Amino acid sequence: MTVHKAQGSEFDEVLVLLPAESNRVLTRELLYTGVTRARERVTVMGSAEVVAGAIRTATQRLSGLEARLLDARARLEITLTEAAGKPHCQGRVDKL
């Protein structure tokens, strides 16, 4: 069973079998998830170099969400500023 499929489950014993070489999928979070599935005993099989590499590698999310939120905020600020200048709009628009 893969670590991904084991998420949310627990087992008495877990064997985490690591690849011979580090790769971009093997991260600290993946290793942590695999190790924490064990209730009583965990065995990690892999070289010390691969384990250390996994621990050093944090997951990087490149979804672009931050940029899209900042862009949406800027467009909203422009819209509110334009609306504040129109005669039918009452009140003040300072900040979001």
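Everything numeric here is computed off the predicted structure, so don't read it as measured data. (Residues numbered from 1 in each chain as written. Predicted model: local features only at pLDDT ≥ 70, side-chain atom pairs only at ≥ 80, totals over all residues. Heavy atoms only, no water.)

**Student:** Would you take a moment to explain the layout of surface pockets for this structure?
**Tutor:** One number sums up the size of the largest pocket: a volume of about 300 Å³. At six residues, the largest contribution of residues to the lining of the largest pocket is made by strand S1 (residues 11-17). (1 Å grid on protein atoms, 1.4 Å probe; cavity = no way out; pocket = protein on both sides within 12 Å on 5 of 7 lines; lining within 4 Å. Points joined across faces, edges and corners; volume = space filled by probe spheres on them. Helix = DSSP H or I, 4+ residues; strand = E, 2+ residues; numbered from the N terminus.)

**Student:** It is not clear to me how a nonpolar patch on the surface should be interpreted in this structure. Could you clarify?
**Tutor:** Together, Leu15, Leu17 and Met45 make up an exposed nonpolar region whose accessible area comes to about 330 Å². Of the residues examined, methionine 45 reaches a relative accessible area of 42% and is grouped as partly exposed. (Patch = residues over 30% accessible without salt bridge, like charges linked within 9 Å, V, L, I, M, F, W, Y side chains within 5 Å. Areas by Shrake-Rupley, 256 points an atom, 1.4 Å probe, with all protein chains shown as cover. Salt bridge = Lys/Arg side-chain N within 4 Å of Asp/Glu carboxyl O. Buried < 20%, exposed > 50% of the residue type's maximum accessible area, 1.4 Å probe, protein only.)

**Student:** How should I be thinking about the pattern of salt bridges in this particular structure?
**Tutor:** If charged atoms from side chains of opposite charge come close, those side chains can pair. Evaluated as defined, the whole model comprises three salt bridges. Between aspartate 12 and arginine 39 there is a salt bridge, with its nearest N and O atoms 3.1 Å apart. Here arginine 39 lies in strand S2 (residues 38-45) and aspartate 12 lies in strand S1, a separation of 27 residues in the sequence. Taking relative accessible area as the criterion, aspartate 12 reaches 40% and is therefore assigned partly exposed. Residue aspartate 71 pairs with arginine 75 through a salt bridge whose shortest N-O separation is 3.1 Å. Linking aspartate 71 with arginine 75, this pair stays in helix H4 (residues 65-84), spanning four residues, or about one helical turn.

**Student:** How do you make sense of the environment of glutamate 29 when you look at a structure like this?
**Tutor:** One can find glutamate 29 in helix H2 (residues 28-35). In this structure the C-alpha to C-alpha distance between glutamate 29 and alanine 58, which are 29 residues apart in sequence, comes to 6.8 Å. Those residues in contact with glutamate 29 that lie beyond four places of it in its chain are Thr57, Ala58 and Thr59. (Contact = heavy atoms within 4.5 Å.)

**Student:** Would you mind going over the nonpolar core with me for this structure?
**Tutor:** One broad rule of soluble globular proteins: the nonpolar side chains tend to lie buried together. Listed in full, the nine residues of the largest apolar core are Val14, Val16, Leu18, Leu26, Leu31, Ala38, Val50, Val51 and Ala54. For this core, the leading source of residues is helix H3 (residues 48-56), giving three residues. When sequence neighbours within four positions are dropped, the list of residues in contact with valine 14 reads Gly34, Arg37, Ala38, Arg41, Val42 and Thr43. (Core = buried A, V, L, I, M, F, W, Y, C linked by side-chain atoms within 4.5 Å.)

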